[in-house]
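Each chain is listed here by its residues.
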Amino acid sequence: MEKNNHSTPSAVVDEPETLPMAAAALGALQSEDPVGEALADNALSEEDEDEEGEGGLYEHFRVVADKGQQLLRVDKFLLDHLPDTSRNRIQMAARAGFIHVNDQPVKSNYRVKPHDVVTLLLDRPRYENTIIPEDIPLDVVYEDGDLIVINKPAGLVVHPGCGNYTGTLVNAIAWHLRDNPDYDPNDPAVGLVHRIDKDTSGLLVVAKTPEAKTSLGVQFFNKTTRRRYNALVWGSFAEKQGRIEGNIARHPKDRMQMAVFDPQSGIGKHAVTHYSVLEDFGYVTLVECVLETGRTHQIRAHMKHLGHPLFADERYGGTTILRGNTSGAYAAFIRNCFAQCPRQALHARTLGFRHPRTGEEMDFSAPLPPDLEGLIEKWRAYFAAMK
């Protein structure tokens with residue numbers, strides 16, 4: 001590990017709780033790897049369960065360069081202040097846009113100057129409360145000494161935060177691994193590698209060891225994982241398959257939604273979704289979506305942008321009758337469908353990755369949950385009766 005022998009001491013601030021002494025702040029941060037946490041959090045799947053928040057990036061670590069600071073690459077500079085991480089991780093965090101200097105994202109070769117304010121940002125606020133194990137049932141698809149693959153039900157929040165500090169998947173995992181002395185649910189070096197939204201069902205991988213989390217996080221970051229989603233959306237498609245490319249950012253008028261912007265606009269994050277039609281039911285279509293990127297609400301926002309909101313997706317207009325006829329019987333049928341599946345019709349069906357220790361390619365599949373399977377059967381029967 002290359003160290004900087006030319007910099008002078010700098011002031012360190014840990015936000016949002018500013019400690020009275022800089023040394024105390026640095027000492028507290030040395031017990032974990034915030035850069036590794038940033039990279040793991042960047043490996044989000046299509047959804048982000050913290051959707052009630054305002055979005056954007058939140059400061060987790062700050063260091064102010066001393067007036068005597070000599071010019072030094074920011075990756076080397078941070079390596080002095082974050083000894084529990086690696087230079088490679090810092091460089092990856094910079095490429096992900098998590099390293100800022102004076103409120104602007106910088107590349108790892110940026111040269112730190114006197115009085116520069118260097119910050120590490122994550123896409124969620126700090127969470128200081130201790131995670132308590134809770135006896136919540138888990139559908140474990142696969143487990144070994146390095147990782148767990150879980151089939152998450154709809155309605156279960158993944159990570160504590162924004163008013164959901166208990167009853168989450170993280171609390172359930174803590175209970176499941178309560179007898180594992182090497183697993184600390186409060187250690188960001190282990191645990192969730194990616195996330196899906198509260199009302200999305202399907203597969204997630206959880207790392208039991210720091211080595212597993214690093215390896216899996218890099219695979220998500222490098223887009224070498226394999227993820228397929230099933231979704232029921234409003235309308236029919238002229239083409240049986242397609243590619244949606246459009247930057248994703250917070251909606252300018254509705255902060256609870258994500259919006260799609262032109263790739264050349266400079267607004268938001270680059271996002272690409274591939275889709276293919278599985279079944280066409282006339283007024284709705286069952287599609288498979290493959291993610292090339294993993295942005296907040298990516299499938300939901302892209303499908304709305306294409307004119308095909310997810311069925312029963314209240315936030316993106318999917319609880320309005322968008323296709324069909326005006327008969328009372330049809331309206332009653334739609335209400336029955338909403339009651340059958342009262343959440344966005346989205347399921348993370350497959351997940352594939354390289355095992356972090358053995359190198360074996362692993363692929364997992366989770367069947368459609370009963371609410372979504374029942375919804376599709378209703379539409380299948382309705383469409384058959386229309387013919």
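Anyway, here's the lowdown on the structure attached to this text. Model, not experiment: these values are computed from the prediction.

## Overview of the overall build of the protein
1) Next: Tallying secondary structure elements over the protein gives 9 helices and 19 strands in all.
2) Next: Excluding contacts between residues fewer than 6 apart, the proportion of contacts in the protein whose partners are at least 24 apart in sequence is 71%.
3) Next: When the accessible surface of the protein is totalled, it reaches about 16,900 Å², and 50% of it is carbon and sulfur.

## A closer look at the pairing of strand β8 (residues 140-143)
1) Next: Across 3 bridges, β8 lies against strand β9 (residues 147-152) in antiparallel orientation. When the sheet's bridge partners are listed, Val-140 is paired in β9 with Ile-150.
2) Next: In this structure, the hairpin formed by β8 and β9 is closed by a connection of 3 residues.

## Thoughts on the nonpolar core
1) Next: With 31 residues, the main nonpolar core has Leu-169, Ile-173, Tyr-229, Val-287, Ile-299 and Met-303 as its most contacted residues.
2) Next: With 4 residues, the single largest contributor to this core is helix α5 (residues 169-176).
3) Next: With 22 residues, the next largest nonpolar core counts Val-63, Ala-65, Phe-77 and Val-112 among its residues.

## Describing the pattern of salt bridges
1) Next: Scanning the entire structure with this criterion turns up 14 salt bridges.
2) Next: Among the ionic pairs, Asp-197 bridges to Arg-300, the shortest N-O distance being 3.8 Å. With Asp-197 in the loop between β10 (191-192) and β11 (201-207) and Arg-300 in helix α7 (residues 298-305), the pair connects residues that are 103 residues apart, well separated along the chain.
3) Next: Taking the shortest distance from any N to any O, the salt bridge between Arg-226 and Glu-361 comes out at 3.1 Å. Pair noted here: Arg-226 is in strand β12 (residues 226-234) and Glu-361 is in strand β19 (residues 361-365), with a separation of 135 residues, a long-range link.

## Some remarks on the packing of aromatic side chains
Any aromatic ring pair is given by two values, namely how distant the centres are and how the planes are angled relative to each other.
1) Next: Per the stated rule, a full pass over the model turns up 13 aromatic pairs.
2) Next: Centroid distance Tyr-283 to Tyr-330: 5.4 Å. Interplanar angle 75 degrees. Geometry classified as edge-to-face. Of this pair, Tyr-283 sits in the loop between β16 (272-280) and β17 (284-291) while Tyr-330 sits in helix α8 (residues 328-340), and the two are 47 residues apart along the sequence.
3) Next: With a centroid separation of 5.9 Å and an interplanar angle of 35 degrees, the aromatic rings of Phe-353 and Phe-364 are classed as tilted.

## Some details on the side chain of Gln-257
1) Next: Along the chain, the position of Gln-257 falls in the loop between β14 (247-250) and β15 (258-261).
2) Next: We classify Gln-257 as buried; its relative accessible area is 10%.
3) Next: Polar side-chain contacts of Gln-257 include one of 2.9 Å to the backbone oxygen of Arg-315.

## Details of the side chain of Asn-230
1) Next: Along the chain, Asn-230 falls in strand β12.
2) Next: A polar side-chain atom of Asn-230 sits 3.1 Å from a polar atom in the side chain of Arg-349.
3) Next: If we ignore the near neighbours within four places in the chain, the residues touching Asn-230 are Leu-278, Val-287, Glu-288, Ala-345, Leu-346, His-347, Arg-349 and Leu-368.

## Concerning the environment of Phe-311
1) Next: The topology assignment puts Phe-311 in the loop between α7 and α8.
2) Next: Considered as a pair, Phe-311 and Leu-375 are 64 residues apart in the sequence and their alpha carbons are 9.9 Å apart.

## Looking at helix α4 (residues 87-95)
Side chains of residues three or four places apart in an α-helix project in the same direction, reflecting 3.6 residues per turn.
1) Next: Every buried residue of α4 is listed here: Arg-89, Ile-90, Gln-91, Met-92, Ala-93 and Ala-94.
2) Next: Phi for Gly-97, located one or two positions after α4, is positive at around 85 degrees.

## Brief notes about unusual backbone geometry
1) Next: Although it is not a glycine, His-115 sits at a positive phi angle of roughly 70 degrees.
2) Next: With respect to the helices and strands, the residue His-115 is situated in the loop between β6 (111-112) and β7 (117-122).
3) Next: Despite not being glycine, Ala-312 has its phi angle at roughly 70 degrees, a positive value.
4) Next: On the basis of relative accessible area, Ala-312 is assigned to the buried category, the value being 7%.

The rules behind these values
- Residues numbered from 1 in each chain as written.
- Predicted model: local features only at pLDDT ≥ 70, side-chain atom pairs only at ≥ 80, totals over all residues.
- Heavy atoms only, no water.
- Helix = DSSP H or I, 4+ residues; strand = E, 2+ residues; numbered from the N terminus.
- Contact = heavy atoms within 4.5 Å.
- Areas by Shrake-Rupley, 256 points an atom, 1.4 Å probe, with all protein chains shown as cover.
- Pairing = 2+ DSSP bridges.
- Core = buried A, V, L, I, M, F, W, Y, C linked by side-chain atoms within 4.5 Å.
- Buried < 20%, exposed > 50% of the residue type's maximum accessible area, 1.4 Å probe, protein only.
- Salt bridge = Lys/Arg side-chain N within 4 Å of Asp/Glu carboxyl O.
- Phe/Tyr/Trp six-rings, centres within 6.5 Å; stacked < 30°, edge-to-face > 60°.
- Polar contact = N/O pair within 3.5 Å; in protein donor to acceptor, adjacent residues only side chain to side chain.

Shape descriptors only; they carry no functional weight alone.
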